[in-house]
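For reference, the chains in residue letters:
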Amino acid sequence: MDRIFRGIMKYRQTHRVEMVEQFVKVKNRPEPKALFFTCMDSRMLPAKFTKSNVGDMFIVRNAGNLIPHSQHFQDEYTTCEPAALELGCIHNDVRHVIVCGHSDCKAMNLLYLLKDTEYGSIINRRMSPLRSWLCTHAMSSLEKYEQLEESGFNTPLIFQAETPLRRISAYIDLGNKFSVTDKLSQINTLQQIQNIASYDFLKKRLETYDLHIHALWFDIYTGDIHYFSRQSKQFVEINEKNVDRLVEEVSKYYC
């Protein structure tokens, strides 16, 4: 807490005035342009690596950047993630939903261990809220990983995209640069696109191309950010050489 208090004092002396000025500008009519789902990992700082300011986007964080599939929304039982989708996309007219996974994700490391059926047994799940969360909402990602593993990591995975007629074909780490759990993390990030698209209250906007879902992946050890290019069918690093091409691709794909 001492560190937090000292940090607050530093904020008061440096950025407070600037931030208050931004708060005043968006006080009555904040117009966020994106809804950003990411992991609660303390190394993930989305406002910094996207250079976002006050009012630019909603941010939702949890263990493993998961968005539960709509099949879990029954009898008025839900979690904050679909509520955030409704708040952002329906009540605030956000047009872009971004899911951002990352390397060395502790939640994905634990999910990988759930390949051991005993480790993920009902008894063990009841002893761990985190294990239960992953068993309930992330097993589809693990199943996709096992499918990729069985194929030798060289065939594309298929994910349901915004509508039944739009699907994502995805090659995962063809250069074999990442660990198995990082591959799982990339798969999990794409699986969330499928989960988001399962909600009926988003159906009309998705069908009319008025709402778009994107996937980012952050390599915390290099600082590189990767965008899933549907044209290239894989995650590609965003850099000075290709940023204009990616902007053009997104403009054409989501027009």
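Residues numbered from 1 in each chain as written. Predicted model: local features only at pLDDT ≥ 70, side-chain atom pairs only at ≥ 80, totals over all residues. Heavy atoms only, no water.

Regarding the pattern of salt bridges
In a structure, side chains of opposite charge can pair up when their charged atoms sit close to one another.
Here comes step 1: Counted by the stated rule, this structure contains 13 salt bridges.
Here comes step 2: Close ionic contact of Asp 210 with Arg 95 constitutes a salt bridge, the shortest N to O distance being 3.4 Å. Linking Asp 210 in the loop between α10 (200-207) and β6 (212-218) with Arg 95 in the loop between α4 (80-91) and β3 (96-102), this pair joins segments that are 115 residues apart in sequence.
Here comes step 3: Given the relative accessible area of 29%, Asp 210 is considered partly exposed.
Here comes step 4: Exposure remark for Arg 95: the relative accessible area of 35% places this residue in the partly exposed category.
Here comes step 5: Arg 166 serves as the salt-bridge partner of Glu 162, at 3.7 Å between the closest nitrogen and oxygen.
Here comes step 6: With a relative accessible area of 4%, Glu 162 lands in the buried category.
Here comes step 7: Members of the salt-bridge network, linked through shared partners, are Asp 41, Arg 43, Asp 104 and Lys 106. (Salt bridge = Lys/Arg side-chain N within 4 Å of Asp/Glu carboxyl O. Helix = DSSP H or I, 4+ residues; strand = E, 2+ residues; numbered from the N terminus. Buried < 20%, exposed > 50% of the residue type's maximum accessible area, 1.4 Å probe, protein only.)

Brief notes about the UniProt feature "binding site: Zn(2+)" (unreviewed entry) in the chain
Here comes step 1: The UniProt feature table records "binding site: Zn(2+)" (unreviewed entry) at Cys 39, Asp 41, His 102 and Cys 105. Across 67 residues, the annotated set stays spatially compact, with a maximum C-alpha separation of 9.0 Å.
Here comes step 2: Along the chain, the position of Cys 39 falls in strand β1 (residues 34-39).
Here comes step 3: Setting aside residues up to four positions removed in sequence, Cys 39 forms contacts with Met 44, Arg 61, Asn 62, Ala 63, Gly 64, Asn 65, Cys 100, His 102 and Cys 105.
Here comes step 4: By the element assignment, His 102 lies in strand β3.
Here comes step 5: Ignoring sequence-local partners within four residues, the contact set of His 102 consists of Cys 39, Asp 41, Arg 43, Met 44, Ser 185, Trp 217, Phe 218 and Ile 220. (UniProt positions renumbered as here; feature names shortened; annotations may be inferred. Contact = heavy atoms within 4.5 Å.)

Notes on the confidence of the model for the chain
Here comes step 1: With 94% of its residues at a pLDDT of 70 or more, the chain has an overall mean of 91.
Here comes step 2: Looking across the chain, the model is least confident in helix α6 (residues 122-125), with a mean pLDDT of 63, and most confident in helix α9 (residues 180-196), with 98. (pLDDT = per-residue confidence, 0-100.)

What to know about the sheet that holds β6
In a beta sheet, neighbouring strands pair by backbone hydrogen bonds and run either parallel or antiparallel.
Here comes step 1: Reading across the sheet, the six strands line up as β2-β1-β3-β6-β7-β8 and stay open at both edges, with mixed pairing between neighbours. On the outer flanks of this sheet lie β2 (57-62) and β8 (234-237), each paired with one strand and no other. Shown here is a sheet whose adjacent strand axes are inclined to one another by a mean of 25°, direction ignored.
Here comes step 2: When strand β7 (residues 225-229) meets β8, the two strands line up antiparallel, connected through four bridges. Bridging from a neighbouring strand, Phe 228 pairs with Phe 235 of β8.
Here comes step 3: Against the sheet, α9 touches β3, β6, β7 and β8, its axis set at about 165° to β6. (Pairing = 2+ DSSP bridges. Axes fitted to C-alpha atoms, helices over the stretch in contact; angles between N-to-C directions.)

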